[in-house]
Amino acid sequence: MSERFVHPTALVESRQIGEDTRIWAFAHVMDGVTIGAGCNIGDHCFLESGVVVGDNVTIKNGNLLCEGVVVEDGVFVGPNVQFTNDRYPRSPRLPQAARRYRDKGWLDPTLVKHGASIGAGAVIVAGVTIGEFATVAAGAVVTRDVPPYTLVVGTPARARGWVCQCGQPLRFEGESSSCEHCGLDFERSGDLILPVGHNPSLVEAALRPDPNDVATPRGKV
Ligand SMILES: [Zn+2]
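Residues numbered from 1 in each chain as written. Predicted model: local features only at pLDDT ≥ 70, side-chain atom pairs only at ≥ 80, totals over all residues. Heavy atoms only, no water.

Caption draft 1: Representation of the pairing of strand S25 (residues 185-189). The sheet contact formed by strand S24 (residues 176-178) and S25 spans three bridges and is antiparallel. Bridged to Ser178 within S25 is Asp185. Between S24 and S25, which pair antiparallel and follow one another directly, the connecting turn spans six residues, one of which, Gly183, has a positive phi of 85 degrees. Adjacent in sequence and paired antiparallel, S25 and strand S26 (residues 192-195) are bridged by two residues, among which Gly190 carries a positive phi angle near 65 degrees. (Pairing = 2+ DSSP bridges. Helix = DSSP H or I, 4+ residues; strand = E, 2+ residues; numbered from the N terminus.)

Listed below in structure tokens is the structure:
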């Protein structure tokens, strides 16, 4: 039988919560948040109005998801990840800055795509896209877009390799590789890798148009 679970100490103001989603102690889900089915929202999470979470997402304890953050299906967010949504923050109550905050023009949205993982304590600077099945290492500070299937590490986060859909590292010798753990076949085109048969134009279209703005393994340093 499908049902939602909301811990008695959680504050859930949204009605847009999917079936089989569990929300644990002291979490706060504001009105205007959308959460899909089959998710797990850990203790002490804060989800601000406007956040969208897909299906089968795991959000571990102590996470801040601020307005402008969209998390697609199957994403893993480790504990104490900090999302942001303003690249030039000032207090809106500061007279010199108040004009900028009269509308939502200051908001810089963040997209975490299908199947991606974000390690414990990472910081996601506003306005980036984390590609499908990418992995952000624990403690990384992500300042640029992360291509699909890419592992990024450090501060600022830089590409250090590739990961499979199953999450395990992929090794390439030449232009093709098979995952040692699940057998999925990949092909490589430059710094971009994709499962065999995948249409690369779809992934390239999802990235920012400026290739110098992407943290590829051999990209700008
Ligand atoms: Zn695999």
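Caption draft 2: How the structure looks around the coordination of the zinc ion. Around the zinc ion, the protein contributes the donor atoms Cys164 (SG), Cys166 (SG), Cys179 (SG) and Cys182 (SG), which lie 2.3 Å from the metal centre. With four donor atoms in place around the zinc ion and angles of 99 to 120 degrees between them, the coordination shape is tetrahedral. Each donor residue of the zinc ion belongs to the same chain, with the gaps between them written as C-x1-C-x12-C-x2-C. Of this pair, Cys166 sits in the loop between strand S22 (158-163) and strand S23 (169-170) while Cys179 sits in the loop between S24 and S25; the two residues are 13 residues apart in sequence, bridging distant segments of the chain. (Donors = N, O, S within 2.8 Å, 3.2 Å for Na, K, Ca; no water. Tetrahedral: all angles 85-135°; square planar, octahedral: opposite > 155°, others 65-115°.)

Caption draft 3: Seen up close, the environment of Tyr149. Topologically, Tyr149 is positioned in the loop between strand S20 (141-142) and strand S21 (150-153). Separated by 19 residues in sequence, Tyr149 and Ile130 place their C-alpha atoms 9.6 Å apart. Here Tyr149 is in contact with Glu132, Phe133, Ala134, Gly161, Trp162, Val163, Cys164, Gln165, Phe186, Ile193, Leu194 and Pro195, once residues within four sequence places are set aside. A polar contact of 2.8 Å, which involves the side chain of Tyr149, links it to the side chain of Gln165. (Contact = heavy atoms within 4.5 Å. Polar contact = N/O pair within 3.5 Å; in protein donor to acceptor, adjacent residues only side chain to side chain.)

Caption draft 4: Up close: the confidence of the model for the chain. The pLDDT averaged across the chain works out to 90; a share of 89% of its residues lies at or above 70. Confidence over residues 205-221 falls short of pLDDT 50; this stretch has 32 contacts with residues more than four positions distant or in other chains. (pLDDT = per-residue confidence, 0-100.)

Caption draft 5: Highlighting the pairing of S26. Because side chains alternate across S26, one face comprises the buried residues Leu192 and Leu194, and the other comprises Ile193 and Pro195, equally buried. One ladder, built from four bridges, connects S25 with S26; its direction is antiparallel. Within S26, the residue paired with Arg188 across the bridge is Ile193. (Buried < 20%, exposed > 50% of the residue type's maximum accessible area, 1.4 Å probe, protein only.)

Caption draft 6: Here's a closer look at the sheet that holds S25. Taking strand neighbours across the sheet as the criterion, the three strands line up as S24-S25-S26 in an open arrangement whose pairing is antiparallel. On the outer flanks of this sheet lie S24 and S26, each paired with one strand and no other. Averaged over all pairs of adjacent strands, the angle between strand axes in this sheet comes to 25 degrees, irrespective of strand direction. (Axes fitted to C-alpha atoms, helices over the stretch in contact; angles between N-to-C directions.)

Caption draft 7: Region of interest: the sheet that holds strand S4 (residues 22-23). Ordered in space as S1-S4-S7-S10-S13-S16-S19-S21-S22-S23, the 10 strands form an open sheet in which the pairing is mixed. Sheet topology places strand S1 (5-6) and S23 at the edges, where each strand pairs with a single neighbour. Note: strand S13 (residues 76-77) against strand S16 (residues 117-118), two bridges, orientation parallel. Note that in S16 the partner of Phe76 across the bridge is Ser117.

Caption draft 8: Highlighting the nonpolar core. The biggest cluster of nonpolar side chains holds 38 residues, and the ones touching the most others in it are Ile35, Phe83 and Ile130. Beyond its immediate sequence surroundings of up to four residues, Ile35 is in contact with Gln16, Ile17, Gly18, Thr21, Ile23, Val29, Ile41, Leu47 and Val53. Formed by 11 residues, the second largest nonpolar core is a distinct cluster that contains Cys164, Leu170, Phe186 and Leu192. (Core = buried A, V, L, I, M, F, W, Y, C linked by side-chain atoms within 4.5 Å.)

Caption draft 9: Here's a closer look at the pattern of salt bridges. According to the stated counting rule, one finds four salt bridges in the structure shown. Between Asp86 and Arg100 there is a salt bridge; the shortest N-O distance is 2.9 Å. Placement of Asp86 in the loop between strand S14 (82-83) and strand S15 (110-112) and of Arg100 in the loop between S14 and S15 is noted, with a sequence separation of 14 residues between them. According to the relative accessible area criterion, Arg100 is partly exposed, its value standing at 32%. (Salt bridge = Lys/Arg side-chain N within 4 Å of Asp/Glu carboxyl O.)

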